[in-house]
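The chain contents come next:
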Amino acid sequence: MPTVYIEVFGCQMNIADSELVTEALARRGFEKCENRREADLVIVNTCSVREKAESRALAHIRELVAHKRKSGLPKAVWVIGCMAARKGEKLTEEIPGIDRVIGAPDIEFFENYADSYLSDFGHDEPHLQANAAGARKASVFVPIMRGCNNFCTYCIVPHVRGREHSVPSDHLLHQISQAVADGATEVTLLGQNVNSYHDGRVNFPALLRSVHQIEGLKRIRFTTSHPKDCTEDLIEALAELPKCAKHIHLPVQSGSSRVLALMNRHYTREHYLSLIHSMRKALPAIDITTDILVGFPGETQEDFEQTLSLVTGVRFTSAFMFAYSPRPGTRANDLDDNVPAETKKNRLERIIAAQTDITKEHFRSMVGRKADILIVDRKNGESGMWIGQDNGCKNALVSCSDCRSGMILNTTVLRSSGMTLLCERTAS
């Protein structure tokens, strides 16, 4: 059997896309390989959101191509995803030896074109296995929509993933029901902006209510949410549906209304804070996480201090924090990148330090409390230790001798390592 290894850079959507590709190849007789240097086909699923992500992927691709020339393996190197969409066939000129480039929008239709993609791989007569299944997973990603219509001025995603479109709700309900029948107990609904999901009949809160009715499903997560489309109906659904994890990822990007306008985010600092107030009124224990971008063109020290004060005021459970880097093709790329690199670095360090202290306090506050942990997998090399997540967004290690993936355990939090809860199973 030919073997395939997929290396993934970037977001959860890239993970879901990689699983889609893996399943399509499994139906055509490919077996997953754990060593990229021994695989027949290596696929690199790329991210283009930041320059650093592209640079890391390019370094890996160059290494793969060099190994291919030297040893004959892998037989083929494919580059897929967002960077593949942004650069297109120029990638094959930049790195001769890449065999195929497949952009992110085309991955949705990979099943339709897989046979033609494989024809130059010497795989001319595929023997489709309709029921070929990968390893059963307790937690699965399900893209409910693709593309983005927001065009934030710093973001390349709408340019590489295309315009927004929603997957029909009846298809999603069938897909999730099948995943549950195959052993999944948790689902994460994915989209560039899940709040704007609408298939012409069903909006996002209504979809959550329908997914909640699927028997055997124990927990529902979703990401990412855009503040401009976060409604009271969504907050009510989160509060009233027990299967919904009490967590929302709500990227703020900046605490300055002036910078938010430059970013084309369509909300103000005041509107964002009103959403936080509504969420905590409905769900006092909700975990709220965010994205923060410092050093955007034109960001003043006052603008940054407003972001810092928002972070210390809201007290997010955790955050993804970055310094701005220009992305060719975005509107912000035409702006004067006038915040010095050293200033960006200092601002990023300050925001990371503030948020890290807050995150550690959130985790410490859990010590001695009960937590319902959904078990995802066994911790490598440690007998009796399992990896899981609480009903918010906190990662956990659980000491348990008779666990299995997909169980939700009643536990007591014994201590915190700072970013992980260390728990012990307790009686129901």
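Before going into details, it helps to say that this report is about the structure given with it. Fair warning: this is a prediction, and the values are worked out from it, not measured in the lab. (Residues numbered from 1 in each chain as written. Predicted model: local features only at pLDDT ≥ 70, side-chain atom pairs only at ≥ 80, totals over all residues. Heavy atoms only, no water.)

Right, let's talk about the packing of aromatic side chains for a bit. Working definition: an aromatic ring pair is given by the centre-to-centre distance plus the angle between the planes. A full pass over the atoms with the stated rule returns nine aromatic pairs. Ring geometry for Trp78 against Phe110: centres 6.4 Å apart, planes inclined by 55°, an arrangement best described as tilted. Taken together, the residues span a long stretch of sequence, with Trp78 in strand β4 (residues 76-81) and Phe110 in helix α6 (residues 110-119) at a distance of 32 residues. In this pair, the class of Trp78 matches that of Phe110, namely buried. (Phe/Tyr/Trp six-rings, centres within 6.5 Å; stacked < 30°, edge-to-face > 60°. Helix = DSSP H or I, 4+ residues; strand = E, 2+ residues; numbered from the N terminus. Buried < 20%, exposed > 50% of the residue type's maximum accessible area, 1.4 Å probe, protein only.)

Before going further, it helps to spend a moment on the layout of surface pockets. Considering only enclosed or pocket space, the second largest pocket measures out at about 430 Å³ in volume. Surrounding the second largest pocket, 23 residues form its lining, Ala285, Asp287, Met366, Arg369 and Lys394 being those nearest its centre. Put simply, the parts of the chain that give the lining of the second largest pocket at least two residues each are β12 (287-294), α14 (341-364) and β14 (370-378). By residue class, the composition of the lining of the second largest pocket is eight nonpolar, five polar and 10 charged. (1 Å grid on protein atoms, 1.4 Å probe; cavity = no way out; pocket = protein on both sides within 12 Å on 5 of 7 lines; lining within 4 Å. Points joined across faces, edges and corners; volume = space filled by probe spheres on them. Nonpolar A, V, L, I, M, F, W, Y, C, P; charged D, E, K, R; others polar.)

In this chain, Leu73 is followed by Pro74 through a cis amide linkage whose omega measures -5°. For Pro74, the position within the fold is in the loop between α2 (51-71) and β4. Cis peptide bonds are those with omega within 30 degrees of zero, and the linkage from Thr223 to Thr224 qualifies with 0°. Tracing the sequence through the fold places Thr224 in the loop between β10 (219-223) and α10 (232-240).

Further remarks concern the sheet that holds strand β2 (residues 31-32). Within the open sheet, the five strands sit side by side as β2-β1-β3-β4-β5. Their pairing is parallel. Each having just a single partner strand, β2 and β5 (100-103) make up the two edges of the open sheet. Of the pairings in the sheet, the one linking strand β3 (residues 41-46) to β4 comprises six bridges and is parallel in character. Looking at β4, one finds that Asn45 is bridged to Ile80. Contacts from α2 reach β1 (3-8), β3 and β4 within the one sheet, and its direction differs from that of β3 by about 165°. (Pairing = 2+ DSSP bridges. Contact = heavy atoms within 4.5 Å. Axes fitted to C-alpha atoms, helices over the stretch in contact; angles between N-to-C directions.)

Tracing the backbone shows Thr412 in strand β17 (residues 408-416). Using a relative accessible area of 15% as the deciding quantity, one classes Thr412 as buried. Leaving out residues up to four positions away in the same chain, Thr412 has contacts with Gly368, Arg369, Lys370, Leu422, Cys423, Glu424 and Thr426.

Let's shift gears to the state of the cysteines. Counted under the stated rule, the structure contains one disulfide. Through a disulfide, Cys400 is tied to Cys403; the S-S separation comes to 2.2 Å. Judged by the sign of its S-S torsion, about 120°, the cystine formed by Cys400 and Cys403 is right-handed. When its relative accessible area of 11% is taken as the criterion, Cys403 is described as buried. The thiol of Cys393 is not disulfide-bonded; the next cysteine sulfur, from Cys423, is found 14 Å away. (Disulfide = S-S within 2.5 Å.)

Right, let's talk about the pattern of salt bridges for a bit. Taken as a whole and assessed by the stated rule, the structure comprises 28 salt bridges. Salt-bridge contacts for Arg209 lead to Asp233; the nearest nitrogen and oxygen are separated by 3.3 Å. Here the residue Arg209 occupies a position in helix α9 (residues 204-212), and Asp233 occupies one in helix α10, the gap between them amounting to 24 residues. Take Asp233: its relative accessible area is 29%, and that puts it in the partly exposed class. For Lys394, the salt bridge identified is with Asp287, shortest N-O distance 3.0 Å. In this pair, Lys394 sits in the loop between β15 (385-389) and β16 (395-399) while Asp287 sits in strand β12, placing the two residues 107 residues apart along the sequence. The pair Lys394 / Asp287 is uniform in exposure class, with both members buried. Residues joined in a network through salt bridges with shared partners are Glu7, Arg36, Arg37 and Glu63. (Salt bridge = Lys/Arg side-chain N within 4 Å of Asp/Glu carboxyl O.)

Before going further, it helps to examine the environment of Ala104. Note that Ala104 resides in helix α5 (residues 104-107). Under the relative-accessibility criterion, Ala104 is labelled buried at 2%.

Next up on the list: α2. In this model α2 runs 30 Å from its N-terminal to its C-terminal C-alpha over 21 residues, within 8% of the 30 Å that 1.5 Å per residue would give. The inward-facing, buried residues of α2 contact β3, β4, α3 (82-87) and α4 (90-94). Directly after α2, the chain includes Gly72, whose backbone phi takes a positive value near 90°. (Expected span 1.5 Å × (residues − 1).)

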